[in-house]
Amino acid sequence: VPLDLAAIRRDTRACEIVAHFNNAGASLPPSVVMDTVHHHLRSEEVFGGYEAQALVEDDLARARGSLAALVGGRAREIAFLSSSTQAFATALLSLPWKRGDRILVGENEYPSNVHAYAFLKKRHGVRVRYVPDDEYGQIDVDALRGAIDERTRLIVLTHVPTYSGLVNPASEVGAVAREAGVPFLLDACQSIGQLDLDVGEIGCDMLSAAGRKYLRGPRGSAFLWVRQSMLETMTPPVADQNGAAWNGGEDFDYAEDARRFEVFERSVALQLGLGAAARYALGVGMAAVEDRVRVLAAGLRGLLSDIPGVTVRDRGKNLCGIVTFTVEGFSAEEIGVALRERFINTSIVRRSMAMRTFPARDLAEVTRASVHYYNTEDELLRLADTVRSLLENGS
Ligand SMILES: *Cc1c(COP(=O)(O)O)cnc(C)c1O
């Protein structure tokens, strides 16, 4: 079923004002998401915070169910957190590390993931080994298979990096992980809400994701999905009475579901808003979303490649909605300003966000135009025309 673009754009108030190509940063939420958030904040004002929450316990459970449906997991496997960094680190630090354990990781890691590996190395003597990319620029699955040994405790893959249209072959990595019996953590921060993904099909055991990016949720929302069979091996580094019940002595019994990773105090409004975003995505249909995002992004790459002086920088066999490019003679800042003057939002990715990839490719920075399904062909043309006129007229 094709999606109803007119209805979608009506639901997205800001579409009238801006052409938003910063969906890999934070996308424009549909009004139902922000209405949900505002409504609950108002309810806290009127009834009191705890009293307001008591009124929406069913809605909170439904939000968990909607996220579970989005990834193909179960509601009891979902933990609400406040950023993808927090979700990722919570999963990683909850595992039973021993000195000498090894993690195998792809090359396309986000800086906060790399930080978590550095922490594990310093505190637990855990070693990280990066698996090289293949000739297409995606993780080399054979090299991954070959790198697994008896010390390998975890495989981590970033599904879609923050700085490129690359989609890593997550299901192939999942098959390798299963064959070897090694747990697999997927950073789905950029793929959630843009790709039609399913944890069963991918074969991952843990998945971290943000709300605000392609999922169109509110800022400050994120979640972690953990396969039920992994939960009992995981001890949350931070817990309170919400996820850990005092056993009467000196220890705690952790919640049997993924709520063990949640603390008591969190934003109910954002959690409800995130649930609304998941339902909205399911309502549009993730297969239709993925299709349209890919078609629009391919169209934009085509338009940009036709402009002399523009180089599209995305590598990979399988590309998604993130379009990156450089323009001869212009800094990413200058391009961003020219676009913003015409109400076109894009963003810049610099080396520090692409630590292992940009230096190797001798790239200092790129302009990132991340396309979503609510963008239009006309908006793509406006973006490309602006870049063209910048090259032709200097402004
Ligand atoms: C944005 C991003 C993160 C971090 O997400 P936050 O919600 O900002 O913590 C992690 N991984 C990838 C691939 C990202 O793009």
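Look above for the structure.
Before going into details, it helps to say that this report is about the structure given with it. (Residues numbered from 1 in each chain as written. Predicted model: local features only at pLDDT ≥ 70, side-chain atom pairs only at ≥ 80, totals over all residues. Heavy atoms only, no water.)

### Structural notes on the sheet that holds strand 8 (residues 222-226)
Hydrogen bonds between backbone atoms are what pair the strands of a sheet, whose relative direction is either parallel or antiparallel.
Thinking step 1. Strand order in this open sheet of seven strands is 2-8-7-6-5-3-4, and the pairing throughout is mixed. The sheet terminates laterally at strand 2 (78-81) and strand 4 (127-130), the two strands that pair on one side only. In this sheet, adjacent strand axes meet at a mean angle of 20° when their direction is disregarded.
Thinking step 2. Direction of pairing for strand 3 (residues 102-105) relative to strand 5 (residues 152-158): parallel, over a ladder of four bridges. Residue pairing for strand 5: Val 105 is matched across the bridge by Val 156.
Thinking step 3. Contacts between helix 4 (residues 57-71) and the sheet are confined to strand 2, strand 7 (206-210) and strand 8, with strand 2 contributing the most and set at about 110° to the helix.
Thinking step 4. On the sheet, helix 5 (residues 84-94) packs against strand 2, strand 3, strand 5, strand 6 (184-187), strand 7 and strand 8 and is oriented at approximately 160° with respect to strand 7. (Pairing = 2+ DSSP bridges. Helix = DSSP H or I, 4+ residues; strand = E, 2+ residues; numbered from the N terminus. Axes fitted to C-alpha atoms, helices over the stretch in contact; angles between N-to-C directions. Contact = heavy atoms within 4.5 Å.)

### A closer look at the packing of helix 2 (residues 31-47) against helix 11 (residues 268-284)
Thinking step 1. As a packed pair, helix 2 and helix 11 sit with axes 8 Å apart at the nearest point and diverge in direction by 155°. Viewed along their axes, helix 2 and helix 11 adopt a mutual orientation that is roughly antiparallel. You can see that helix 2 and helix 11 cross each other, and the crossing is right-handed. Of helix 11, the residues touching helix 2 (which contributes Val 32, Val 33, Thr 36, Val 37, His 40, Leu 41 and Glu 44) are Val 268, Ala 269, Leu 270, Leu 272, Gly 273, Ala 276, Ala 277 and Tyr 280.
Thinking step 2. By residue class, the composition of the contact of helix 2 with helix 11 is eleven nonpolar, three polar and one charged. (Parallel < 35°, antiparallel > 145°, perpendicular 65-115°, else oblique. Left-handed = near helix turned anticlockwise from the far one by under 90°. Nonpolar A, V, L, I, M, F, W, Y, C, P; charged D, E, K, R; others polar.)

### Details of the sheet that holds strand 11 (residues 310-312)
Thinking step 1. Taken together, four strands build an open sheet; the order of strands is 11-12-15-14 and the sheet is antiparallel. Looking at strand neighbours, the two that pair on one side only are strand 11 and strand 14 (347-350), the edges of this open sheet. On average, adjacent strands in this sheet sit at an angle of 35° to one another, irrespective of strand direction.
Thinking step 2. Here helix 12 (residues 286-305) sits on the sheet and contacts strand 11, strand 12 (322-327) and strand 15 (365-370); the angle it forms with strand 12, its principal contact strand, is near 10°.
Thinking step 3. On top of the sheet, helix 15 (residues 377-393) reaches strand 11, strand 12 and strand 15; it is set at about 10° to strand 12, its chief contact.

These values are about where atoms sit, not about what they do.
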